[in-house]
Amino acid sequence: MNVSRLQPSIRVAKPIVLFSKNYLPITRVNLKRAACLLITGRAEPLNFEGDEWQLRSPRFVLRVPEHIRLTLESAERTWKVPPVNRREVLRRDKNTCQYCGSRKDLTLDHVIPRSRGGQHTWDNVVTACASCNGRKGNQILEHSPLILRQPPRAPRHPVIAFAEQFWKETPPC
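Residues numbered from 1 in each chain as written. Predicted model: local features only at pLDDT ≥ 70, side-chain atom pairs only at ≥ 80, totals over all residues. Heavy atoms only, no water.

Broken down by element type, the protein chain carries five helices and eight strands. When its helices and strands are written in sequence order, the protein chain yields α-β-β-α-β-β-β-β-α-β-β-α-α. Scored against the burial criterion, the 173 residues of the protein chain give a buried share of 35%. If you take every contact in the protein chain between residues at least 6 apart in sequence, the share linking residues at least 24 apart comes to 58%. (Helix = DSSP H or I, 4+ residues; strand = E, 2+ residues; numbered from the N terminus. Buried < 20%, exposed > 50% of the residue type's maximum accessible area, 1.4 Å probe, protein only. Contact = heavy atoms within 4.5 Å.)

Here you go:
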């Protein structure tokens with residue numbers, strides 16, 4: 001008989017959303033981490049409608065809801081906008097050409113060329129494949145046959161990005 005089939009796996013459980021002290025969704029944690037936070041008093045359950053798990057021991061029953069909130073008063077970690085370099089631009093653009101969507105022979109392109117007064121900033125640098133970069137050449141975007149798939153922008157704070165994604169995924173009440 002296989003014992004692993006009889007014991008429920010913690011990995012199967014849906015992740016629990018962890019909120020900061022001021023109710024900003026920070027991240028998702030697994031059931032084990034949520035239980036540790038609740039037992040040590042570092043987090044408290046939030047009474048939202050939804051699923052709930054019960055962890056049982058001979059003397060104790062711990063109820064873990066889908067949403068928990070940190071109780072610790074901690075300074076928010078400072079986050080700096082990363083420097084404009086190849087690695088960070090490729091990460092922001094998800095390793096795809098912003099003109100045609102290709103993932104091969106990627107380079108960096110200045111939307112407004114540096115020779116025409118463009119700066120090396122987050123709002124002016126995009127990922128482009130070698131062929132699109134060659135077609136655009138030293139032209140301003142309006143004078144070239146290419147169209148940007150999305151405008152370039154600086155990366156957002158990871159907590160803000162997670163919060164926006166969380167609220168998009170949460171169904172309306």
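Another point: the nonpolar core. In terms of nonpolar packing, the biggest core is built from 14 residues, with Ile16, Leu18, Ala34, Leu38, Val64 and Ile68 touching the most fellow members. Secondary-structure elements contributing two or more residues to this core are β1 (16-19), α2 (31-39), β5 (61-65) and β6 (67-70). Counting residues per element, this core draws most heavily on α2, which supplies five residues. Not counting chain neighbours up to four residues away, the residues in contact with valine 64 comprise Ile16, Leu31, Ala34, Leu38, Glu52, Trp53 and Leu55. Listed in part, the 12 residues of the second largest apolar core include Tyr99, Leu106, Val111 and Leu141. (Core = buried A, V, L, I, M, F, W, Y, C linked by side-chain atoms within 4.5 Å.)

Per-residue confidence for the protein chain gives a mean pLDDT of 84; residues scoring 70 or more make up 85%. Helix α1 (residues 3-6) is the least confidently modelled element of the protein chain, averaging 36 in pLDDT, while strand β8 (residues 125-129) averages 96, the highest of any element. Below a pLDDT of 50 lies the segment residues 1-11, which in the model reaches three contacts outside its immediate sequence neighbourhood of four places, other chains included. (pLDDT = per-residue confidence, 0-100.)

With that out of the way, let us pick up the pattern of salt bridges. Using the criterion set out here, one finds six salt bridges in the structure. Arginine 91 serves as the salt-bridge partner of glutamate 88, at 3.4 Å between the closest nitrogen and oxygen. On the criterion of helical spacing, the pair formed by glutamate 88 and arginine 91 is a turn pair, its members being three residues apart in helix α3 (residues 86-92). Looking at arginine 91, the relative accessible area reads 55%, which means it is exposed. Salt bridges linked by common partners bring Arg87, Glu88 and Arg91 together as one network. (Salt bridge = Lys/Arg side-chain N within 4 Å of Asp/Glu carboxyl O.)

Tracing the sequence through the fold places asparagine 133 in helix α4 (residues 130-136). Here the side chain of asparagine 133 touches leucine 108 through a polar contact of 3.2 Å, landing on its backbone oxygen. (Polar contact = N/O pair within 3.5 Å; in protein donor to acceptor, adjacent residues only side chain to side chain.)

Sheet topology note: the β1/strand β2 (residues 25-29) ladder contains four bridges and is antiparallel. Residue phenylalanine 19 lies in a different strand from β2, and its bridge partner there is proline 25. Turn length for the β1-β2 hairpin, with the two strands adjacent in sequence and antiparallel, is five residues, and the turn residue tyrosine 23 shows positive phi of about 60 degrees. (Pairing = 2+ DSSP bridges.)

Before going further, it helps to spend a moment on α2. When we look at burial in α2, the residues that qualify are Leu31, Ala34, Ala35, Leu37 and Leu38. Seen end-on, α2 carries its buried residues on one side only, within an arc spanning 165 degrees. For α2, the exposed residues lying more than 90 degrees away from the buried face are Lys32 and Ile39. Just downstream of α2 lies glycine 41, where phi reads positive at about 85 degrees. (Arc of directions from axis to C-beta.)

Look at helix α5 (residues 158-169): 16 Å from first C-alpha to last across 12 residues, which is about the 16 Å you get at 1.5 Å a residue. Every buried residue of α5 is listed here: Val159, Phe162, Ala163 and Phe166. For α5, the angular spread of the buried residues around the axis is 100 degrees, confining them to a single face. (Expected span 1.5 Å × (residues − 1).)

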